[in-house]
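Next come the chains, spelled out residue by residue.
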Amino acid sequence: MSAPNKSYDPVEVEALKPEVVEQARDEALAAFAAAADLDELKQAKVAHTGDRSPLSLANREIGALPPQAKAAAGKLIGQARGAVNQALAKRQVELEAERDARVLVEEAVDVTLPYGRVPRGARHPLTTLAERIEDTFVAMGYQVASGPEVEAEWLNFDALNLHADHPARSMQDTFFVEAPDGSADSGMVLRTQTSPVQIRAMLAGEPPLYAVSPGRVYRTDELDATHTPVFRQVEAIAVDEGITFGHLKGTIEVLVEKLIGGGLELRWRPSYFPFTEPSAEIDLQCFVCRGASVGNPDRPCRTCSSEGWIELGGCGVVNPRVLVAAGIDPSRYSGFAFGLGLERILMNRHNVADMRDMVEGDVRFTLPFGMEI
Amino acid sequence: MRVPLSWLREYVDLPAGETGRDVAARLVRAGLEVETVEQLGTDVKGPLVVGEVLSIEELTGFKKPIRHCFVNVGAANGTGEPQEIVCGATNFQVGDKVVVILPGGVLPGPFPISARQTYGHTSAGMICSARELGMGDDHNGIIVLPPEYEPGTDAIELLQLVDEVLDIAVTPDRGYCLSMRGVAREAAAAYGLPLADPALLDVPPANSYGYLVKVADPVGCDRFVARTVTGVDPGAKSPIWLQRRLQKAGIRPVSLAVDITNYVMLEVGQPLHAYDRNRVDGPIQVRRAVEGEELTTLDGVKRKLSAEDLLICDNSGPIGLAGVMGGASTEILDPVVDAETGLATGTTDIIVEAAHFEPVAIARTAKRHKLPSEASKRFERGVDPEAARAAAQRAVDLLVLIAGGTAEAGVTDIAAPHPVRTIPIDADLPDRVAGAEYGRETVTRRLQEVGCTVVGTDVLEVTPPSWRPDLTDPYDLAEEVIRLEGYDNVPARMPVTPPGRGLSEAQRFHRRVGVALAGAGYVEINAYPFVGDASFDALGLEADDARRRTVKLVNPLNDAEPALRTTLLPGLLGALRRNVGRGNTDLALFETGTVFLPKAEPKVAPRLPVDRRPTEEQLAELNAALPDQPRRVAVALTGERLPSGWWGKGAPSGWADAVEAARVVAAAAGVELTVRQAQYAPWHPGRCAELLVGEEVVGHAGELHPRVVKALHLPERTSAMELDLDLLFEDGRRVSGPPVSAYPVATQDVALIVDAAVHAADVEAALREGAGELLESLRLFDVFTGEQAGAGKKSLAYTLRFRATDRTLTADEASAAREAAVAVAAERTGAVLRGA
C-alpha cells in the first residue's frame with residue numbers, strides 16, 4: 001500500500017465505487033433472504049460479513065484514501081454494512097423461530113397416554129365419615145373423646161342405668177370377656193355401644209362437657225347385608241347448666257344439615273334407653289324419595305325401603321341416675337346424648353347396598369372413596 | 001306385640017275410616033315402635049264358602065291318599081248342586097263342615113282356582129287348609145268348622161280373614177303395652193277418645209274357701225289369685241273368633257283351656273296358668289327352689305333348679321317355674337276322643353292361676369334356663385298386679401261360657417300389702433327438661449291421661465297407676481308429659497358451648513398416619529379382631545410367644561376364633577388374601593386399630609356402685625383390670641409396588657417397601673426411626689427389620705417367612721410391617737426451623753469396602769458422626785458385591801454434601817471432613833476406601 005496521496009481519487013479505487021458497494025450489499029441481502037435454514041445463513045454470514053467478504057475488503061481500502069475522501073467512503077461502507085448486519089440479525093431471528101417451531105412439533109407426545117406409575121391409596125370411608133362428623137362437632141366447640149373397646153361392664157352397663165337384671169341388657173347381644181376362672185364373670189365385655197365413653201368423659205372432669213366419640217362397638221350378630229358384629233357408632237354428649245331436649249334437637253339438626261343436607265324433615269319418636277329420659281329415636285325424611293315412595297308401589301325407594309324415613313339413631317336427655325353415677329349433681333346440671341350408627345349413614349349417604357363391602361377390605365370398594373367422602 | 005286392628009277397635013272407638021297405617025302413625029308419635037302394618041286377607045278372593053261334605057270316595061292307586069268328594073255349598077255355586085272336588089287331605093268325614101273355594105276364587109300365592117281334571121275326576125274348587133288361606137302355619141290338614149254353620153255362608157267374613165295387624169316392638173319400660181289393654185290405652189290417649197278397659201270386670205271378693213295356696217316368699221310373689229272351674233267339657237274346642245284372634249296375634253291355638261289363658265294374657269297383659277285340678281296334690285305353695293331340685297317343664301325338658309328359682313309346688317314337689325313355664329305333671333291333658341261314642345275324656349276341673357311375680361326373679365330364671373316365654377317376657381317388664389283378679393275372672397267366664405264349666409264360688413286372693421307410691425314432681429320439671437312451656441294444667445292433664453292421680457299446685461303429688469311400675473321418679477313423669485305433647489313440638493335451639501380446643505395432638509397424629517399411608521399408595525381396611533390358635537400357628541409363632549397370650553371371649557361368634565387379636569397381621573393378611581383371590585394382585589393395604597394384651601395377672605373388673613361417684617381408687621382398680629389396648633398400624637404388600645407400563649419397568653413390592661412404610665409413619669409422628677436387623681416371627685429371618693425409637697423397639701417390618709406365606713396361601717414375597725403408634729407418639733413435639741445456608745455446596749463421593757455382614761445403617765451412622773456439622777446430607781447411591789468388592793465383602797458408595805452456614809467451604813475443608821468421616825467408618829465398621 002502506498003503512502004497517502006493527495007491526488008488519490010476514491011472513484012479510482014474499484015472496491016469503493018458506490019455501485020460496487022451497493023452491489024456487494026445487495027448480494028449479501030439476497031444471500032440472507034435465500035438462506036433456508038440456520039446453517040445456510042451461517043455460510044452466508046461468513047461470505048458476506050466475514051473478513052474476506054467484499055465489504056470488509058473494501059473497508060480496508062479506506063485507510064489509504066486521502067483524508068478528504070475518507071469520510072465519504074467511510075459513510076458509504078458503514079451504511080452498507082449496517083444494512084447487511086440488520087438483515088442478518090432479522091433473518092437469524094426468523095430462522096431460529098422456524099427451527100424452534102419445527103423442533104417443538106417434532107417433540108410433541110400423546111398426553112392422553114395413561115400413566116399409572118404411582119399407585120394411589122385410599123382411606124376407609126368409615127374413617128373419613130367419622131372424621132367428618134368429628135369436625136362438625138369440633139367446630140361447635142366439642143372435644144373428641146375415646147375409650148377402650150374391651151370395657152368394664154360397670155361402664156358399659158351399670159353406670160348407664162342398666163343394672164344386672166335390666167331387660168335392656170339382654171337386648172344387646174353382648175360378647176363377654178372370659179374371667180381368669182373361665183367364667184363370664186370377668187366384669188368386662190366388648191363394648192356394645194360408645195356410651196361408656198360418656199361416663200369416662202364425665203368422670204374426667206367437671207361440666208361443662210361437650211364431647212363426641214366415634215368408635216368400634218360389638219354385638220353378637222352374624223355378618224350379612226345389613227348387620228355386622230363389629231360396627232361403628234358415634235356418640236355425642238353435652239352436660240352443662242340448663243341443657244334441654246330442645247338443645248338436643250337443635251344440635252342434631254345442625255349435624256344432619258352438615259352431613260346430609262338441608263331442608264329435610266326429622267321425626268322424633270319417643271323411645272326407651274335406660275341412660276336417657278326422655279328418649280327418642282330420630283328418623284330422617286328419606287333424602288332420595290322424600291316420602292314419595294310410601295304406599296306407592298310404582299315408585300319404590302331402595303334407600304328407605306319405601307318407608308319414607310331413615311333411622312338415624314337414638315338420643316335423649318341424660319338420665320339423672322347416670323349423672324349421679326358419674327359424680328355430677330343432677331340438681332345443677334343436665335345433659336343430652338345421642339348415638340348414630342356410621343355404617344347405616346354410609347349406606348344411605350353413599351348408596352352402599354351391602355354392609356359386607358365395608359368389612360371385607362376389597363380395594364375395589366375402598367379406592368373410589370379416596371381421601372375424603 | 002301383634003295387635004289386630006279389629007280387636008283394638010273393641011276397646012277404642014276409632015274413626016271408621018282410620019287405616020292400620022293411620023293408627024300406626026299416631027302410635028309411633030306417642031312412642032310405640034310399630035314395625036310393620038300387615039294387611040291380612042287382601043290376597044284371598046272368593047267365592048270362599050262353608051261346605052258340607054256329602055260323600056267321600058277314596059281313590060287308590062296313587063302315591064298318596066286322594067279323596068273324591070261331593071260337597072254341598074248351598075247356593076254359592078249358582079246351581080245348588082253338590083260341588084265335585086278332589087282333595088288330598090284325610091282329616092274329615094262325611095257330614096263335616098269345611099271351607100271351600102269355588103272356581104273364580106284366588107288363594108294367596110296367587111293361585112287362581114278353576115275347574116280342572118285331576119286323578120281322573122273333575123275338581124271344581126278346593127277344600128282349604130288354614131295355611132292355604134294364610135291364617136297360620138297349621139299343617140294338620142283342612143279346616144273342619146264347628147257344625148253350626150250353614151253351607152254357602154261366606155267364609156271370608158266367618159274366618160275374619162280380612163284385617164290389619166300392627167306389629168309393635170315393645171320397649172322394656174312399657175310392659176303394659178304387651179297387651180291389648182295397654183295398646184288401647186295409648187291409642188285412646190293418641191286420639192283423645194275414651195277407653196273401654198277390659199280389666200274393668202265384676203269380681204266376687206276373696207273368700208276363705210278358694211283353692212288353698214300358701215305363699216312362702218311374699219317378696220317373689222306379692223299376689224296370687226286362684227279360681228276353680230269344674231265340669232269343663234274336655235272335648236270343647238276354641239271358637240273361630242278366639243282362634244282367629246290368637247292366630248293374628250301370632251299365637252298358635254292349642255286347646256281350649258290353653259287358648260283361653262293365652263287370650264286373656266293378650267287382652268289384659270296378665271299371664272295365667274291353668275292346672276288340671278285332679279293332678280295337683282294338695283295345696284299350692286310358692287317358694288324358692290332347693291338347690292338340686294328338678295322339674296320337668298311343659299316342653300318335656302327335665303330341668304335342674306337353682307336356689308334362686310321361684311317355684312309353684314304341691315305336695316309332690318315343684319309343679320311349675322313361677323311366671324316362666326308350667327310343669328308337665330299338672331298340665332291340662334290333651335283330650336282323648338273315644339272312636340265309638342265320640343266322647344272326649346281329659347281334664348274337666350281346672351285351677352286358674354293369676355299371680356304377680358318379682359320381675360328380677362323371673363328374668364333370672366328365664367335367662368338361667370334359657371326359657372324366654374310369653375309369660376316371662378311380661379313379668380320381666382312389669383305386669384299390673386291389680387289386673388290379676390280381673391284376668392282370673394275373665395278366664396273363668398270364658399271357661400264357663402265356651403267349655404260349659406261351672407265356676408266354683410271359692411276365690412283365693414293372696415296379696416302382700418303394697419305401699420302407695422307417690423312421686424313429688426315440680427310442676428315445671430317437664431318444661432325445664434324439654435325446654436318448652438307446657439304449664440301446670442297441661443302437665444296435670446297429661447299425667448291423668450297416663451292413669452296417674454295428681455294433686456297439688458307448684459309441686460304435684462303424683463300416684464302412678466298400678467300398670468306403670470316403670471314410673472318411679474319425676475323424670476319418668478316428665479317424659480310422659482313431653483312425649484304425649486309431642487317431641488316434634490319441642491322448639492329446637494343450640495346450646496352455648498365454651499370455646500373449643502380442637503383435636504388433641506394424638507388425634508391429629510392418628511389422622512396424619514392415615515393420610516400419609518393413603519398418600520403413599522396404601523388402601524385402608526378394617527378387619528375383625530377375632531383370632532384363634534390357628535391364626536398364630538399360621539404366623540409361625542413359638543409356643544411361648546407373648547402374642548399367644550390373649551383376651552378370650554366366652555361367647556365368640558366362631559369357636560375357632562375365641563380370642564382378640566394381639567397383632568393386626570392375621571386380619572390384615574386375611575384381607576390381602578381375599579383381595580388376591582378376587583383378582584386384585586397388586587396390593588398395598590394398611591390398618592390402624594387396637595390390639596388387646598392381657599394383663600400379666602388377669603383380674604376381674606369390679607362392679608362399682610351407681611348411686612354415687614366411685615372413688616379414684618375404685619376407678620383405678622377398674623381400669624387396671626382392663627387389658628392393655630395399644631393402637632397399632634400395620635401394612636401388607638404384594639405384587640407390583642410400582643407397575644410397569646409404556647414408561648418402562650415397574651418394581652415389585654418387597655421388604656424395603658415395608659420398612660419404608662414404617663418410615664412414612666415415623667415421619668408423620670415426627671420421630672427418627674432406627675432400623676436394625678432382627679429375627680422375629682412371622683418375618684423372613686434374613687429379611688426382618690426391627691424398628692426402634694431410641695432404644696425402644698416399636699415394631700417390625702420386612703418380608704414374611706416363606707412358611708408363613710405358604711400357610712396363609714399368600715403370594716410369594718408378601719411383605720408386612722406392624723408398628724405401635726402409642727410408642728411412636730410424642731406429645732408436645734415442636735419442629736425447630738433449620739438454618740438454610742445460601743453458600744455453595746461441596747460434594748464428595750466415597751466408595752467403601754466392608755464385610756458383607758456389616759449393616760449399612762452402621763456405616764452411615766459412622767460417616768455422619770465423623771463428617772461432623774458441615775455434612776448437609778448423605779446418600780447411599782450404590783451397593784454391590786462381587787469380584788470387584790472381593791470375596792465376602794460389599795461396596796457401599798456414598799455422596800456426601802458439605803456446606804457451611806457462614807462461608808464458602810474450601811476444597812481442603814470439604815476433603816478434611818470427608819476424611820474424618822471415612823476414618824470413623826473405618827474404625828467402627830472396618831471400612832476401607834475402595835482403591836485405597
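Keep in mind it's a predicted model, so treat the numbers as computed, not measured. (Residues numbered from 1 in each chain as written. Chains lettered and ligands numbered in written order. Predicted model: local features only at pLDDT ≥ 70, side-chain atom pairs only at ≥ 80, totals over all residues. Heavy atoms only, no water.)

### Considering the UniProt feature "domain: FDX-ACB" (unreviewed entry) in chain B
Defined as follows: UniProt positions are given in the numbering used here, feature names are shortened, and annotations may be inferred rather than shown by experiment. Numbering of helices and strands starts at the N terminus; helices are DSSP runs of H or I of at least 4 residues and strands are runs of E of at least 2.
With numbering aligned to this structure, UniProt lists the feature "domain: FDX-ACB" (unreviewed entry) at residues 741-834 of chain B. Helix makes up 33% of residues 741-834 of chain B and strand 34%. Its end C-alpha atoms lie 31 Å apart.

### Some points on the pattern of salt bridges
Test applied: A carboxyl oxygen of Asp or Glu within 4 Å of a side-chain nitrogen of Lys or Arg is what we treat as a salt bridge.
Taken as a whole and assessed by the stated rule, the structure comprises 80 salt bridges over all chains. Here the salt bridges share partners, and the residues they tie into one network are D173, R174, E186, R468, D470, E480 and R483 of chain B.

### A look at the interface of chain A and chain B
Inclusion rule: Residue contacts are defined here by distance: any two heavy atoms, one from each residue, within 4.5 Å place the two residues in contact. Accessible area that two parts lose when put together, with a 1.4 Å probe and added across both, is what the buried area reports. Two N or O atoms form a polar contact when they lie within 3.5 Å of each other; inside protein one atom must be a possible hydrogen donor and the other a possible acceptor, and for residues adjacent in sequence the pair counts only when both atoms belong to side chains. Note on residue categories: nonpolar means Ala, Val, Leu, Ile, Met, Phe, Trp, Tyr, Cys or Pro, charged means Asp, Glu, Lys or Arg, and polar means any other residue, Gly included.
Listed as interface residues are 108 residues of chain A and, on the opposing side, 101 residues of chain B. Both faces combined, the contact of chain A with chain B buries some 8,600 Å², and carbon together with sulfur accounts for 58% of it. Run the count over chain A and chain B and you get eight salt bridges. D473 of chain B is the partner of R321 of chain A in a salt bridge, and the nearest nitrogen-oxygen pair spans 2.9 Å. Scanning the region where chain A abuts chain B turns up 44 residue pairs in polar contact (both at pLDDT 80 or more). The element best represented in the side of chain A that touches chain B is helix α9 (residues 245-259) of chain A, accounting for eight residues. When grouped by side-chain class, the residues that make up the side of chain A that touches chain B number 56 nonpolar, 22 polar and 30 charged.

### Focus: the sheet that holds strand β6 (residues 266-273) of chain A
Note the cut-off: Following DSSP output, two strands are said to pair if at least two bridges run between them. Lines fitted to C-alpha atoms define the axes here, with helix axes fitted over just the stretch in contact, and angles between the N-to-C directions of these axes take values from 0 to 180 degrees.
Strand order in the open sheet made by the seven strands is β1-β4-β5-β9-β8-β7-β6 (chain A), with mixed pairing throughout. Two strands lie at the open edges of the sheet, namely β1 (143-144) and β6 of chain A, each paired on one side alone. Here seven bridges tie β6 of chain A to strand β7 (residues 276-285) of chain A, and the two strands are oriented antiparallel to one another. Considered in β7 of chain A, the bridge of S271 of chain A is made with S279 of chain A. Against the sheet, helix α8 (residues 195-204) of chain A makes contact with β4 (209-218), β5 (230-240) and β9 (334-341) of chain A, and its axis sits at roughly 35° relative to β5 of chain A, the strand it touches most. Lying on the sheet, helix α2 (residues 20-29) of chain B is in contact with β6 and β8 (309-318) of chain A; it crosses β6 of chain A at an angle near 65°.

### Some words on the UniProt feature "domain: B5" (unreviewed entry) in chain B
Taking the numbering used here, the UniProt-annotated feature "domain: B5" (unreviewed entry) corresponds to residues 418-492 of chain B. Taken end to end, residues 418-492 of chain B has its terminal C-alpha atoms 42 Å apart, with 39% of it in helix and 17% in strand.

### A closer look at the sheet that holds strand β15 (residues 221-230) of chain B
Residue and element names in this part refer to chain B. Read from one edge to the other, the open sheet built from four strands follows the order β16-β25-β15-β26, with strand pairing classed as antiparallel. Single-partner strands in this sheet number two, and they are β16 (272-276) and β26 (406-415). Adjacent strand axes in the sheet meet at a mean angle of 20° when their direction is disregarded. Direction of pairing for β16 relative to strand β25 (residues 350-357): antiparallel, over a ladder of five bridges. Note that in β25 the partner of D276 across the bridge is I350.

### Points about the packing of aromatic side chains
All names here are of chain B. Heads up, the condition is: Note on aromatic contacts: the rings of Phe and Tyr and the six-membered ring of Trp form a pair at centre separations within 6.5 Å, being stacked when their planes are under 30 degrees apart, edge-to-face when over 60 apart, and tilted otherwise. When a residue's accessible area, from a 1.4 Å probe over protein chains only, is under 20% of the maximum for its type it is buried; when over 50% it is exposed; and in between it is partly exposed.
The full count for this structure, using the stated rule, is 19 aromatic pairs over all chains. Residues F509 and F729 carry aromatic rings whose centres are separated by 5.6 Å and whose planes lie at 20° to one another, so their mutual orientation is stacked. Highlighted residues: F509 in helix α13 (residues 505-519) and F729 in the loop between α19 (725-728) and β41 (746-755), separated in sequence by 220 residues. Assessed through its relative accessible area of 0%, F509 is described here as buried. Seen from their ring centres, W646 and W647 are 5.7 Å apart, and the 75° between their planes marks the pair as edge-to-face.

### Side note on empty space enclosed by the protein
This is how the line gets drawn: Within this scheme a cavity is a closed region of a 1 Å grid, computed over the protein atoms alone, that accommodates a 1.4 Å probe without allowing it to escape, whereas a pocket is open but has protein on both sides within 12 Å along at least five of seven lines; lining residues each have an atom within 4 Å of a point. Grid points are joined across faces, edges and corners, and a volume is the space filled by probe spheres set on the points.
Throughout the structure, instances matching the rule amount to six cavities of 30 Å³ or more. Taken together, 15 residues form the lining of the largest cavity, with Y176, S179, V268, G269 and D384 of chain B sitting closest to its centre. Looking at the lining of the largest cavity element by element, the count peaks at three residues for helix α4 (residues 180-191) of chain B. Along the lines of polarity and charge, the residues of the lining of the largest cavity split into five nonpolar, six polar and four charged. If you add up the space inside the second largest cavity, you get close to 80 Å³. Around the second largest cavity, the lining residues are L126, R216, V230, F231, R232, E343, M358 and V359 of chain A together with N526 and Y528 of chain B. Looking at the lining of the second largest cavity, the elements with two or more residues in it are β5 and α12 (356-360) of chain A. If one sorts the elements of the lining of the second largest cavity by residue count, β5 of chain A sits on top with three residues.

### Quick notes on the environment of A83 of chain A
All names here are of chain A. As for its placement among the helices and strands, A83 is situated in helix α4 (residues 67-106). Put simply, A83 and F369 are 286 residues apart on the chain and 68 Å apart in space, counted from C-alpha to C-alpha. The contacts of A83, once residues within four sequence positions are left out, are R25 and L29.

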